[in-house]
Amino acid sequence: MAFNDLLLQLGGVGRFQKIQVTLVILPLILLASHNTLKNFTAASPTPREGQGRPESCLLFTSPQRGPPFPNGTETNGTGTTEPCPHGWIYDNSTFPSTIVTEWDLVCSHRALRQLAQSLYMMGVLLGAMTFGCLADRLGRQKVLIFNYLQTAVSGTCAAFAPNFPAYCAFRFLSGMSTAGVVLNCMTLNVEWMPIHTRAYVGTLTGYVYSLGQFLLAGMAYAVPHWRYLQLLVSAPFFAFFIYSWFFIESARWYASSGRLDLTLRNLQRVAWINGKQEEGANLSMEALQASLKKELTTGKSQASALELLRCPALRRLFLCLSMLWFATSFAYYGLVMDLQGFGVSIYLIQVIFGAVDLPAKLVSFLVINNVGRRPAQMASLLLAGICILINGVVPKDKSIVRTSLAVLGKGCLASSFNCIFLYTGEVYPTMIRQTGLGMGSTLARVGSIVSPLVSMTAELYPSVPLFIYGAVPVAASAAIALLPETLGQPLPDTVQDVENRWAPIQTPLSCPHHHRRRGKTRKQQEELQKQMVPLQASAQVKN
């Protein structure tokens, strides 16, 4: 609790926290646009009778007479065909230009439309793996600055891409950087906030993302040309890149890295901004060293991703959280990947999908803040899965019922995302928090990549994809029973904290690599464990 006490002493939620949290979450408004931009920039032309059938992509080599095709073309069944050499004419009444119409991603090339989004998601996957580990080694601010610049440059270049391969390459780079932005903005905010405000920060972050979905619908309606829309959601990141240089790096991360001088400097800067100059001046190196004794004893030791599998306590957290990340993303993108499939205005359904997040995240926040993280996570996944499963048995002609269930399921999955970001950041120790968030986000991206493949099972039976999308989150919710509750708990700073707090059955001897760094013998570890038992019991009585 030492670091939390320091934050409260230096102003708690003061001027600094309010300014930095606002500036850090502001770019998330446009990240929502990047993630679902494909629904507008890669929209297919408005379907006409016969469009999409094989005969509409071919041309008869000579005039034919006979029974007509569904699109009105007559043939005697013996005429030969060839690919149309004259290009295509599109209905541009809704979208004057998309990547589909500009590069003719139709007929034999229609699979390339999905390829662009798949490459973007692969970029997000690689970015989560890369920037999560880098943030634990280089710091949150440095990685965030680079991510803003990469998003601005790659997104702008995509708007001016001369051909489809170049467009895909720039979208891949955009996916990498957006993953880094999401992970680091959540961690940087959480590590500067007192315990009792973390749920507020997580919910505020979720609402900003939902606001971005409303904004995307408005921007796409006002700027329907895909190049201008791509530029509109990318250029502001140059401004984010400029002001991010003024962010203050996480003092908690500096302490866990053993850099006490920088920890003291940043805490004093925060005290000055919050109007607590006297408290900041009284904060000396000796006082800080005494308050953060635990962090310093494990400082200067960089944990790797292998530590998530090496230590039993972390391994259990990693496996359970991976299931939750995968299930949430898998079902989420199964619902929102193709907004045109709902049969209503694409702008309207985008607004509806954004609107359902508002009450869903409010209910989620109330449960998270008053009941706990585990009940909120379990309820959101179970309800989402049940809604999707029911949708699988509702007749196709009941479009209102099916759309309502899909919207309700999407709202529950948005709440699940909101909860799991906060939950993951709270259960992992500071020394490996970003790595844990990065690996969780990686599993989420695997889910988003696998999700479109499952939709192909509709060839077997139309409702099979819905049954799969619904069954996965229902099954994954069982893993929550193996996870700890973090409501009102301080953030763990070391692997030792996790073992002592949430794995009392497993002694510190269960992670030999961790204790080899700390230089303690087996006998010393056993004595330490005996001393911790009465302290834990005393803490439970006080709580």
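In this text, all values refer to a predicted model and were calculated from it rather than measured experimentally. (Residues numbered from 1 in each chain as written. Predicted model: local features only at pLDDT ≥ 70, side-chain atom pairs only at ≥ 80, totals over all residues. Heavy atoms only, no water.)

### A word on the overall build of the protein
Link 1 in the chain: The helix and strand inventory of the protein stands at 27 helices and 2 strands.
Link 2 in the chain: Sequence-distant contacts, at least 24 apart, represent 79% of the contacts inside the protein between residues at least 6 apart. (Helix = DSSP H or I, 4+ residues; strand = E, 2+ residues; numbered from the N terminus. Contact = heavy atoms within 4.5 Å.)

### Observations concerning a nonpolar patch on the surface
Link 1 in the chain: Together, I386, I390, V393, L460, Y461 and F467 make up a nonpolar patch on the protein surface, roughly 610 Å² of accessible area in all.
Link 2 in the chain: Positionally, F467 belongs in helix α24 (residues 464-476).
Link 3 in the chain: According to the relative accessible area criterion, F467 is partly exposed, its value standing at 32%. (Patch = residues over 30% accessible without salt bridge, like charges linked within 9 Å, V, L, I, M, F, W, Y side chains within 5 Å. Areas by Shrake-Rupley, 256 points an atom, 1.4 Å probe, with all protein chains shown as cover. Salt bridge = Lys/Arg side-chain N within 4 Å of Asp/Glu carboxyl O. Buried < 20%, exposed > 50% of the residue type's maximum accessible area, 1.4 Å probe, protein only.)

### Regarding empty space enclosed by the protein
Link 1 in the chain: Applying the stated rule across the entire model yields 7 cavities of 30 Å³ or more.
Link 2 in the chain: The space that makes up the largest cavity amounts to roughly 450 Å³.
Link 3 in the chain: Every residue lining the largest cavity is counted, 23 residues in all, and those nearest its centre are N35, V182, Y209, F417 and F421.
Link 4 in the chain: At the level of elements, α3 (28-35), α6 (111-138), α8 (164-191), α9 (198-222), α18 (312-336), α22 (399-427) and α23 (433-454) are the ones that each hand at least two residues to the lining of the largest cavity.
Link 5 in the chain: Residue classes in the lining of the largest cavity are distributed as 15 nonpolar, 6 polar and 2 charged.
Link 6 in the chain: In terms of domain composition, the lining of the largest cavity takes at least three residues from each of domain 1 (1-44 + 96-300) and domain 2 (302-501). (1 Å grid on protein atoms, 1.4 Å probe; cavity = no way out; pocket = protein on both sides within 12 Å on 5 of 7 lines; lining within 4 Å. Points joined across faces, edges and corners; volume = space filled by probe spheres on them. Nonpolar A, V, L, I, M, F, W, Y, C, P; charged D, E, K, R; others polar. Domains from an automatic or database assignment.)

### Comments concerning the packing of α3 against helix α11 (residues 236-243)
Two packed helices can be described by the angle between their axes and the distance between those axes.
Link 1 in the chain: Between α3 and α11, the least distance of the axes is 11 Å, while the angle of their chain directions is 140°. It follows from the interaxial angle that α3 and α11 lie oblique. In the packing of α3 onto α11, the handedness of the crossing is left-handed. Counting all contacts with α3, which are made through L30, L31 and H34, the residues of α11 involved are P236, F237 and F240.
Link 2 in the chain: By residue class, the composition of the contact of α3 with α11 is 5 nonpolar, 1 polar and no charged. (Axes fitted to C-alpha atoms, helices over the stretch in contact; angles between N-to-C directions. Parallel < 35°, antiparallel > 145°, perpendicular 65-115°, else oblique. Left-handed = near helix turned anticlockwise from the far one by under 90°.)

### Some points on helix α21 (residues 373-391)
Link 1 in the chain: With 19 residues, α21 extends 27 Å from end C-alpha to end C-alpha; this agrees with the ideal 27 Å at 1.5 Å per step.
Link 2 in the chain: In this structure, the buried residues of α21 make contact with α9, α18, α20 (357-370), α22 and α24. (Expected span 1.5 Å × (residues − 1).)

### What about the UniProt feature "transmembrane region" (unreviewed entry) in the protein?
Link 1 in the chain: Per the UniProt record, the feature "transmembrane region" (unreviewed entry) sits at residues 119-138, 145-164, 170-188, 200-222, 228-248, 317-335 and 347-368.
Link 2 in the chain: Between the C-alpha atoms that bound residues 145-164 the distance is 28 Å, and the span itself is 80% helix and 0% strand.
Link 3 in the chain: Taken end to end, residues 317-335 is 100% helix and 0% strand, and its first and last C-alpha atoms sit 28 Å apart. (UniProt positions renumbered as here; feature names shortened; annotations may be inferred.)

### Notes on helix α13 (residues 260-273)
Link 1 in the chain: Between the first and last C-alpha of α13 there are 20 Å, a value that for 14 residues agrees with the 20 Å anticipated at 1.5 Å per step.
Link 2 in the chain: Among all positions of α13, only L260, L262, T263, L264, N266, L267, V270 and A271 are buried.
Link 3 in the chain: The first or second residue beyond α13 is G275, which carries a positive phi of 80°.

### So, the state of the cysteines
Link 1 in the chain: Per the stated rule, a full pass over the model turns up 0 disulfides.
Link 2 in the chain: For C387, which is in no disulfide, the shortest distance to another cysteine sulfur is to C412 and amounts to 5.4 Å.
Link 3 in the chain: Given a relative accessible area of 8%, C387 falls into the buried group. (Disulfide = S-S within 2.5 Å.)

### Brief notes about the side chain of Q150
Link 1 in the chain: In this fold, Q150 is placed in helix α7 (residues 140-159).
Link 2 in the chain: Look at Q150 and you get buried, because its relative accessible area is 13%.
Link 3 in the chain: Non-local contacts of Q150, meaning those with residues more than four positions away in its chain, are made with F131, G155, L173, M176 and S177.

### Considering the pattern of salt bridges
Oppositely charged side chains can form a pair if their charged atoms are brought close together.
Link 1 in the chain: One pass over the structure, following the stated rule, counts 3 salt bridges.
Link 2 in the chain: Residues R140 and D136 are paired through a salt bridge, measuring 3.0 Å at the closest nitrogen-oxygen approach.
Link 3 in the chain: Given the relative accessible area of 2%, D136 is considered buried.
Link 4 in the chain: With a closest N to O distance of 2.8 Å, E426 and R373 form a salt bridge.

### Describing the confidence of the model for the protein
Link 1 in the chain: Counting all residues, the mean pLDDT for the protein is 77, and 77% of those residues have values of 70 or more.
Link 2 in the chain: Taking the mean pLDDT of every element in the protein, the minimum, 43, falls on helix α26 (residues 512-518) and the maximum, 94, on α11.
Link 3 in the chain: Per-residue pLDDT stays below 50 along residues 69-76; that stretch engages in 27 contacts with residues further than four places along the chain or on separate chains.
Link 4 in the chain: Counted against residues more than four places away or in other chains, residues 512-526, with its pLDDT under 50, gives 27 contacts. (pLDDT = per-residue confidence, 0-100.)

### Quick notes on the packing of aromatic side chains
Link 1 in the chain: Using the criterion set out here, one finds 17 aromatic pairs in the structure.
Link 2 in the chain: Aromatic pair Y332 and F417: ring centres 5.4 Å apart, planes at 80°, arrangement edge-to-face. Of this pair, Y332 sits in helix α18 while F417 sits in helix α22, and the two are 85 residues apart along the sequence. For the pair shown, Y332 and F417 are each scored as buried.
Link 3 in the chain: One aromatic cluster in this structure is built from Y148, F237, F240, Y243 and F247.
Link 4 in the chain: Stacked on the ring of Y120, the Lys or Arg R171 has its end atom at 4.2 Å from the ring centre. (Phe/Tyr/Trp six-rings, centres within 6.5 Å; stacked < 30°, edge-to-face > 60°. Lys NZ or Arg CZ within 6 Å of the ring centre and 35° of its normal.)

### Observations regarding the nonpolar core
Link 1 in the chain: Formed by 54 residues in total, the largest nonpolar core has its most connected members in W325, L413 and Y428.
Link 2 in the chain: The element that contributes the greatest number of residues to this core is α18, accounting for 14 residues.
Link 3 in the chain: Viewed by domain, this core spans two of them, domain 1 (1-44 + 96-300) and domain 2 (302-501), each represented by three or more residues.
Link 4 in the chain: Setting aside chain neighbours within four positions, we find Y428 in contact with L308, L314, L317, F318, L321, R433, G436, L437 and P492. (Core = buried A, V, L, I, M, F, W, Y, C linked by side-chain atoms within 4.5 Å.)

### Considering the packing of α7 against α8
Link 1 in the chain: Running from amino to carboxyl end, α7 crosses α8 at an angle of 150°, the nearest separation of the two axes being 8 Å. In terms of orientation, α7 and α8 fall into the roughly antiparallel class. Seen along the crossing, α7 lies across α8 with a hand that is left-handed.
Link 2 in the chain: Split by residue class, the contact of α7 with α8 holds 12 nonpolar, 11 polar and 2 charged.

### Description of the side chain of T197
Link 1 in the chain: With respect to the secondary-structure elements, T197 resides in the loop between α8 and α9.
Link 2 in the chain: Of the polar contacts made by the side chain of T197, one reaches the backbone oxygen of P194; its length is 2.9 Å. (Polar contact = N/O pair within 3.5 Å; in protein donor to acceptor, adjacent residues only side chain to side chain.)

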